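# Examination of the molecular architecture
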There are 2 protein chains.
Amino acid sequence: MVQKVKLSTIADSLGLSTATVSLALRDSPLVADATRDRIKEQARALGYIYNRRAASLRTSRSGIIGVVVHDIMNPFYAEILRAIESELDRNRQTFILSNHYDSVEKQRNFIETLLQLGGDGVIMSPAIGTPKDDILLAEDNNMPAILIARTVDDLDVPIFRGDDAYGIALATNHLIGLGHRVIAMVGGTDQTSTGRHRYEGYVAALEKANIKVDSNLRIPGPRTKQAGFEAAVNFLSLPQKPTAAVCWNDLVAIGLMNGIARAGLIPGKDVSVTGYDDLEEASIATPSLTTVWNGQSEVGRMAARALLDKLNGSSEADGLHLIRPEMRIRQSTTPLKP
Amino acid sequence: MVQKVKLSTIADSLGLSTATVSLALRDSPLVADATRDRIKEQARALGYIYNRRAASLRTSRSGIIGVVVHDIMNPFYAEILRAIESELDRNRQTFILSNHYDSVEKQRNFIETLLQLGGDGVIMSPAIGTPKDDILLAEDNNMPAILIARTVDDLDVPIFRGDDAYGIALATNHLIGLGHRVIAMVGGTDQTSTGRHRYEGYVAALEKANIKVDSNLRIPGPRTKQAGFEAAVNFLSLPQKPTAAVCWNDLVAIGLMNGIARAGLIPGKDVSVTGYDDLEEASIATPSLTTVWNGQSEVGRMAARALLDKLNGSSEADGLHLIRPEMRIRQSTTPLKP
């Protein structure tokens, strides 16, 4: 069998990073022309052949799988990770973790480290602004990538996430059904696909019910409990006097409810609040949180399965897999007071 | 320079695990006599010399540091990990994580994987029942270990944790000072050093105040928000009618407060509750939680520093370092109603 020339061999021989070599071979503008030419020459000299299909047939495995997400301490990711871990454990794979905190550089460093360790594959919730090339860097080096929770466009890798626009419409319709007409949306950012899709779903649901969309009813930004807590002041001082809030996730909703309570109002009575995700703590919050189940355990389990299947030569899971969210109605939402 | 014979060399040559070799060389009863003899013979044949001091002088580094704790999704560990990560990032070390969920076997697998990857060091909060040998397995292979949050006896490695007995006494004394006399202790387990030390500190504080200790006022077990929530039923049905609860940690306290609220009582008015750790969410809970700051960020930062110092040849940090907890008084505790 012919010894394959790897990107890392070219990189090492030139004293460059694997990422630079990978970018140069795909003519990325991020690499200076002179460097690119030098890399291509060296690749030819070493007999490097780019052949992804051949590369995907691995002969040996390290048993190591990397997982990189925005923040593993966020319970949304924690619940996905638990499901991934349980599936990988059953298959005797070692699972190593990292946060990228939405730094593309930190994410790329992790992928490079994983390549150096001979990692078998990577499961990632891509950082804001992740270039397609960073995911292909893994793939080109025989390390299949699986995306979770967030999308990067134009990639034929498996992607597992909830149907955000559909899910947020469930929450918005629930509030409309209770008689609410002035409904704020709290949290999320347009920089992530989940932020965009949930805002679009909220807008679409309002329009479908012939409720005029007021962009000033959106309080973008919060993604944590602390930020949701702090947003209560803005929410309660909106001149439109919203009677309900659709929150971007459960953390923001629980924080907002705490902030509303701190201001002397009763969440679930004076103001209706919905969350998103159905974290474990949603059902024990005070009041218990009406929210949208987002299938964290399904996303984790399916992503791990897809990766294990890929390592066995299957590519059936390539493409987008949408998990269908479900409404969970509890005590934090009530009919509009007459 | 002489090429050092490593434990893994012996292990590989015999088709055994590094752990087995390490255990055999220290005459552990966990290894069968015949296996032990075979290992010792092979070690002699290969010229293995056990010399920890020499072993501690490393010549090259992978830049990889492992961290293994009970559950990284627990915010207590999450806050420690954030501090470790920030310190290691600044020093351009890669940080890989794992949970052991109190499985000694899972923890040992992680240490072995880390050894295979050429890890520089390991920071661990040891699993319940961790044998000293499992930590020495890392040390013997030139991979220094640092312990956090929990103690394993008779080890001369650096250990960083809060002073649990002192901290819980602060909380208990605070409640006694508010006039409470029937004070329950909710959560924690005798299987961990933190569980034992906090219960002992609570008992000592009661005795010092001449309050009779009633072991039926202890509700052991809960360590999570969910378990604290469920414990509210037991707590509220205690025949001694406690007016206050000292909780083992903030998660249990927040869960208990939610459970008390679900039962129609007002935590912080009808029942006083204290937490332990001062997690970020303690201050935004409803009511905001009176608790004991447990120095998570200090523990993480100091543990990472100690490891980096060790890698540079210093052993000044060996031994126990106790962080002194501080009281944080908020709305969840009030004077006993007359």
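What you see is a predicted model; the values in this text were computed from it and never measured. (Residues numbered from 1 in each chain as written. Chains lettered and ligands numbered in written order. Predicted model: local features only at pLDDT ≥ 70, side-chain atom pairs only at ≥ 80, totals over all residues. Heavy atoms only, no water.)

### Considerations on the overall build of chain A
We count it as follows: Here a helix means four or more residues in a row that DSSP labels H or I, a strand means two or more in a row labelled E, and each is numbered from the N terminus. In what follows, residue pairs with any heavy atoms lying within 4.5 Å of each other are defined as contacts. Computed with a 1.4 Å probe, the accessible areas rest on the Shrake-Rupley method; for each residue, only the protein chains presented here act as cover. His is not counted here, nor are the chain ends, while Lys and Arg score as positive and Asp and Glu score as negative. Taken as the charge location is NZ of Lys, CZ of Arg, CG of Asp or CD of Glu.
Broken down by element type, chain A carries twelve helices and twelve strands. Over its C-alpha atoms, taken along the principal directions, chain A stretches across nearly 80 × 45 × 35 Å. For chain A, restricting intrachain contacts to residue pairs at least 6 apart in sequence, the fraction spanning at least 24 positions comes to 72%. Total accessible area on chain A stands at roughly 14,100 Å², and carbon and sulfur atoms take up 50% of it. Looking at charge distribution, chain A has the averaged site of its 37 positive side-chain charges lying 2 Å from that of its 39 negative ones.

### What about the relation of the copies chain A and chain B?
Filter applied, for reference: A least-squares fit on C-alpha atoms brings the copies together, and the residues used are those whose pLDDT is at least 70 in both copies.
With an axial shift of 0.0 Å and an RMSD of 0.1 Å, the rotation relating chain A to chain B amounts to 180 degrees. What the superposition gives is, in effect, a two-fold axis relating one chain to the other. A high fraction, 100%, of the interface residues of chain A reappear at the interface in chain B, so the copies pair face to face through one surface.

### Brief notes about the packing of helix H1 (residues 7-14) of chain A against helix H3 (residues 33-46) of chain A
Residues and elements named next belong to chain A. The condition that has to hold: Each axis is a line fitted through C-alpha atoms, taken for helices only over the stretch in contact, and angles between the N-to-C directions span 0 to 180 degrees. To sort the angles, those under 35 degrees are grouped as roughly parallel, those over 145 as roughly antiparallel, those from 65 to 115 as roughly perpendicular, and the leftovers as oblique. Left-handed is the label given to a crossing in which the near helix is rotated counterclockwise from the far helix by less than a right angle, and right-handed is the label when the rotation is clockwise. By the convention adopted, Pro, Cys, Tyr, Trp, Phe, Met, Ile, Leu, Val and Ala count as nonpolar, Lys, Arg, Asp and Glu as charged, and the other residues, Gly among them, as polar.
It is at 10 Å that the axes of H1 and H3 come closest, and there the two elements cross at 120 degrees. Taken together, the axis directions place H1 and H3 in an arrangement best described as oblique. Here H1 and H3 pass one another in a crossing that is right-handed. Note on element contacts: H3 touches H1 through Arg-38, Ile-39, Gln-42, Ala-43 and Leu-46, opposite Thr-9, Ile-10, Ser-13 and Leu-14. Its residues placed into classes, the contact of H1 with H3 shows five nonpolar, three polar and one charged.

### Examining the sheet that holds strand S9 (residues 272-274) of chain A
Residue and element names in this part refer to chain A. The test is simple: The pairing criterion for strands is at least two bridges between them, as found by DSSP.
Read from one edge of the open sheet, four strands run S7-S6-S8-S9, paired in parallel fashion. Since the sheet does not close on itself, it has two edges, and those belong to strand S7 (218-219) and S9, each with one partner. Summarising the sheet, strand S8 (residues 244-247) and S9 pair through three bridges and their orientation is parallel. Note that in S9 the partner of Ala-245 across the bridge is Val-273. Its contacts with the sheet put helix H8 (residues 164-177) on strand S6 (183-186), S8 and S9, and the angle it makes with S8 is roughly 170 degrees.

### A short note on the domain arrangement of chain A
Residues and elements named next belong to chain A. As a reminder of what qualifies: The split of the chain into domains comes from an automatic or database domain assignment. In this description, buried area is defined as the sum, over both parts, of the accessible area (probe of 1.4 Å) that is lost when the two are combined. The term salt bridge refers to a side-chain nitrogen of Lys or Arg lying within 4 Å of a carboxyl oxygen of Asp or Glu. Pairs of N or O atoms within 3.5 Å make up the polar contacts considered here, provided that, within protein, one atom can donate a hydrogen while the other can accept it, and that residues adjacent in sequence are counted only when both atoms are side-chain atoms.
For chain A, the assigned domains read domain 1 (7-50), domain 2 (61-162 + 296-324) and domain 3 (164-294). Taking only C-alpha atoms into account, the centre of domain 1 sits 25 Å from that of domain 2. Of the roughly 740 Å² buried where domain 1 meets domain 2, counting both sides, 53% is carbon and sulfur surface. Remark: the boundary between domain 1 and domain 2 carries zero salt bridges. At the junction of domain 1 with domain 2, the criterion picks out zero residue pairs in polar contact (both at pLDDT 80 or more). Going through the elements one at a time, H1 and helix H2 (18-25) are the ones with two or more residues in the side of domain 1 that touches domain 2. The residue makeup of the side of domain 1 that touches domain 2, split by class, is four nonpolar, five polar and one charged.

### Re helix H5 (residues 75-90) of chain A
Defined as follows: Multiply 1.5 Å by the residue count of a helix minus one, and that product is the helix's expected span.
With 16 residues, H5 of chain A extends 22 Å between its outermost C-alpha atoms, agreeing within 8% with the 22 Å of an ideal straight helix rising 1.5 Å per residue. The N-capping residue of H5 of chain A, defined by a side-chain oxygen 2.8 Å from the backbone nitrogen of Phe-76 of chain A, is Asn-74 of chain A.

### With respect to the sheet that holds strand S7 (residues 218-219) of chain B
Residue and element names in this part refer to chain B. Strand order in this open sheet of four strands is S7-S6-S8-S9, and the pairing throughout is parallel. Looking at the sheet topology across the chains shown, the edges are occupied by S7 and strand S9 (272-274). Here strand S6 (residues 183-186) pairs with S7 via two bridges, running parallel. Opposite Met-185, over in S7, you have Arg-218 as the bridge partner. Along the sheet face, helix H11 (residues 250-262) touches S6, strand S8 (244-247) and S9 and points at about 160 degrees away from the line of S9.

### Remarks on the interface of chain A and chain B
How big an interface is tends to be expressed through the accessible area that disappears when the partners come together. Of the residues lining the interface, 32 residues belong to chain A; the matching set on chain B comes to 32 residues. Note on chain A versus chain B: buried area summed over both sides is about 2,800 Å², and carbon and sulfur give 52% of it. When the buried surface of chain A facing chain B is broken down by residue, Met-73, Arg-262 and Ile-284 of chain A rank first, second and third, together holding 23% of it. There are eight salt bridges connecting chain A and chain B. Across the pair Lys-106 of chain A and Asp-89 of chain B runs a salt bridge whose closest N-O atoms are separated by 3.2 Å. Applying the counting rule to chain A against chain B returns 20 residue pairs in polar contact (both at pLDDT 80 or more). At the level of elements, H5, strand S2 (94-99), helix H6 (104-116), helix H10 (225-236) and helix H11 (250-262) of chain A are the ones that each hand at least two residues to the side of chain A that touches chain B.

### As for the pairing of S2 of chain A
Residue and element names in this part refer to chain A. Selection criterion: Only protein chains enter the calculation, and the probe is 1.4 Å; a residue is then buried if its accessible area is under 20% of its type maximum, exposed if over 50%, and partly exposed in between. Assignment of crossover handedness uses the view with strands pointing away from the viewer, where a clockwise path from the first strand over the helix to the second indicates a right-handed crossover.
Taken across its six residues, S2 has five buried, putting it largely inside the fold. The pairing of strand S1 (residues 64-69) with S2 spans six bridges and is parallel. Pairing of Gly-66 across the sheet is with Ile-96, part of S2. One crossover worth recording links S1 to the parallel S2 by way of H5, and it is right-handed.

### Side note on the environment of Leu-136 of chain A
Note that Leu-136 of chain A resides in helix H7 (residues 132-140). Spatially, the C-alpha atom of Leu-136 of chain A lies 16 Å from that of Leu-311 of chain A, the residues being 175 residues apart in sequence.

### Structural notes on the nonpolar core
Inclusion rule: Buried residues of nine kinds, namely Ala, Val, Leu, Ile, Met, Phe, Trp, Tyr and Cys, make up a nonpolar core once their side-chain atoms join them within 4.5 Å.
Counting residues in hydrophobic clusters, the biggest one holds 61 residues, and the most contacted among them are Ile-84 of chain A together with Ile-84 and Ile-148 of chain B. Contact partners of Ile-84 of chain B, with chain neighbours within four places excluded, come to Val-67, Phe-95, Ile-123, Ile-148, Gly-300 and Ala-304 of chain B. Formed by 44 residues, the second largest nonpolar core is a distinct cluster that contains Leu-115 of chain A together with Ile-135, Ala-138 and Met-143 of chain B.

### Looking at H11 of chain A
Residue and element names in this part refer to chain A. Counted at 1.5 Å a residue, the expected span for H11 with its 13 residues is 18 Å, and the 18 Å between its end C-alpha atoms agrees. The buried fraction of H11 is high, at eleven of 13 residues. If you check which residues of H11 are buried, you get Asp-250, Leu-251, Val-252, Ala-253, Ile-254, Gly-255, Leu-256, Met-257, Asn-258, Gly-259 and Ile-260. Those residues of H11 that are buried are in contact with H5, S6, H10, S8, S9 and strand S10 (291-293). Backbone nitrogen of Leu-251 and a side-chain oxygen of the N-cap are separated by 3.2 Å at the start of H11; the cap is Asn-249. Looking one or two residues beyond H11, the residue adopting positive phi is Gly-264, at roughly 95 degrees.

### Regarding the environment of Asn-216 of chain B
Residue and element names in this part refer to chain B. Within the element layout of this structure, Asn-216 appears in the loop between helix H9 (193-208) and S7. The class of Asn-216 is exposed, set by a relative accessible area of 52%. For the pair formed by Asn-216 and Gly-179, sequence separation is 37 residues and the distance between their alpha carbons is 20 Å. Residues contacting Asn-216, with those up to four places away along its chain left out, are Leu-238 and Gln-240.

### Details of the side chain of Thr-192 of chain B
Inspection of the secondary structure puts Thr-192 of chain B in the loop between S6 and H9. Not counting residues up to four positions away in its chain, the partners in contact with Thr-192 of chain B are Ile-128, Arg-150 and Arg-223 of chain B.

### Remarks on the pattern of salt bridges
Side-chain pairs of opposite charge can arise whenever the charged atoms involved come near each other. On inspection of all chains with the given rule, the structure shows 44 salt bridges over all chains. Glu-87 of chain B is the salt-bridge partner of Arg-90 of chain B, the closest N and O atoms lying 2.9 Å from each other. One end of the pair is Arg-90 of chain B and the other is Glu-87 of chain B, both in helix H5 (residues 75-90) and three residues apart, which spans about a single turn. A single salt-bridge network, built from bridges that share partners, covers Glu-87, Arg-90, Arg-305 and Asp-309 of chain A.

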